[in-house]
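# Descriptive structure summary
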Amino acid sequence: MKLPRELSEWLSRRRRFREEWDFHREMAIAEFEALGLSRTEATRLAERRLGSYFAHRRSALRQLRAQITDLLDVLPWCRIRSSALLVPAIVLLTLAAIVLPNPHRLEVLANTASLLPFLPNRHVDRFVPLTPSNLVPMAFPDVMLWGLTLIGLARVAATPKFRRQWRIWAFTAATLVPLVVLSAALWTTALPLLMKDRWHSDALQGLALVTFCFAYSGWAFLVFKVWYRDLLSRCPICLRRLGMAELRGNSADLLIAPLERETICLYGHGVNLESHWSQTFEVDRSTKWPA
Ligand SMILES: [Zn+2]
């Protein structure tokens, strides 16, 4: 385990100040005692010479990177942040946080499930107020989410470095499906709040619905964009985030020295090169690293 070792290093860095402080204090006291002063007198003069314990401690801990805030670096953030499980875990936790506290969670799930193409269509009789009240019109998220999913799959298929990488496809499925379910659950949770009852002002309600549709589209586009960028930033072999980015070239040059960003898999699977023109991943075949 990495954590206990790093934690004990952090604790020993904190202890180091105390040890050094005690050493210098004793040396100063001994120096004054050698001049013939009593122990009490020597201690008082030594403490005056050394200055404030707390001020020294604060600056020493800052330099030794042993402050309480440095404890955050001790936690295995980097490994968690680069882990392939982080994205599906965040999406599933958000989904659970939206669906589970909702008293109409079964209706939310039934409406979400109606995105599946082979299920019979359920017709909403009236939009405002929503009739029947447990049905949410799903045509808008249906078109949007299926469209974005197909675009996402096409982009993965068209990315050369992902070819013949079954793990990337497994990761795509493990992240896209929960994302689509989460997006649909958001729609079926939020829309009834706007359509359940007729408001005093039809114009205001109409405006709220149009704004919601625009905000939802923007959110869905953003989520899919972030999803694809996250996919590009992963090693196709171990699915962990690539690191140690190095920038080369010039953003103004497109042909002679285009801007290139080189990252490597920190677990030794290869080198990733992104530029304006291409995305390549050179697998390191010289070493047999565990996936
Ligand atoms: Zn890797």
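All values reported here derive from a predicted model rather than from experimental measurement.

Rules used throughout
- Residues numbered from 1 in each chain as written.
- Predicted model: local features only at pLDDT ≥ 70, side-chain atom pairs only at ≥ 80, totals over all residues.
- Helix = DSSP H or I, 4+ residues; strand = E, 2+ residues; numbered from the N terminus.
- Buried ≥ 20, exposed ≤ 12 C-beta atoms within 10 Å, placed from the backbone.
- Core = buried A, V, L, I, M, F, W, Y, C linked by C-beta atoms within 7 Å.
- Contact = placed C-beta atoms within 7 Å.
- Domains from an automatic or database assignment.
- Arc of directions from axis to C-beta.
- Pairing = 2+ DSSP bridges.

Turning our attention to the environment of Arg 163. The topology assignment puts Arg 163 in the loop between helix H8 (139-158) and helix H9 (166-195). Judged by the 11 C-beta atoms lying within 10 Å of it, Arg 163 falls in the exposed class. As a C-alpha pair, Arg 163 and Pro 236 span 73 residues in sequence and 9.4 Å in three-dimensional space.

The next point concerns the nonpolar core. A general trend in soluble globular proteins is that nonpolar side chains are found buried together. Counting residues in hydrophobic clusters, the biggest one holds 21 residues, and the most contacted among them are Leu 145, Leu 179, Val 180, Leu 182, Ala 184 and Ala 185. Listed by contribution, the elements that provide at least two residues to this core are helix H6 (86-99), H8, H9 and helix H10 (202-232). Looking at which element gives the most residues to this core, the answer is H9, with 10 residues. In contact with Leu 182, other than residues within four places in its own chain, are Val 91, Thr 94 and Leu 95. With 8 residues, the next largest nonpolar core counts Phe 162, Ile 168, Phe 171 and Cys 265 among its residues.

Take His 24: it is sitting in helix H1 (residues 2-34). For the pair His 24 and Leu 50, spaced 26 residues apart in the sequence, the C-alpha separation amounts to 8.2 Å.

Following the sequence through the fold, Arg 18 ends up in helix H1. Arg 18 gets classed as exposed once you count the C-beta atoms within 10 Å, which come to 12. Considering only alpha carbons, one finds Arg 18 and Tyr 53, 35 residues apart in sequence, at a separation of 9.6 Å.

Each assigned domain of the protein chain is listed here: domain 1 (2-75), domain 2 (80-232) and domain 3 (243-283). One C-alpha centre belongs to domain 1, the other to domain 2; they are set 56 Å apart.

Attention shifts here to helix H7 (residues 105-113). Among all positions of H7, only Val 108, Asn 111 and Thr 112 are buried. Looking straight down H7, one finds that the buried residues subtend no more than 100 degrees of arc, so they occupy a single side. For H7, the elements touching its buried residues are H6 and H9.

Turning next to the pairing of strand E3 (residues 270-275). Here strand E2 (residues 260-264) pairs with E3 via 5 bridges, running antiparallel. Note on E3: the bridge partner recorded for Arg 261 is Glu 274. The turn joining E2 and E3, which pair antiparallel and follow one another in sequence, is formed by 5 residues; a positive phi near 80 degrees is taken by Gly 268. In this sheet, strand E4 (residues 279-283) lies alongside E3 in antiparallel orientation, the contact comprising 5 bridges. In the sheet register, Gly 270 faces E4, and the bridge partner there is Val 283. Counted between consecutive antiparallel strands, the loop separating E3 from E4 contains 3 residues.

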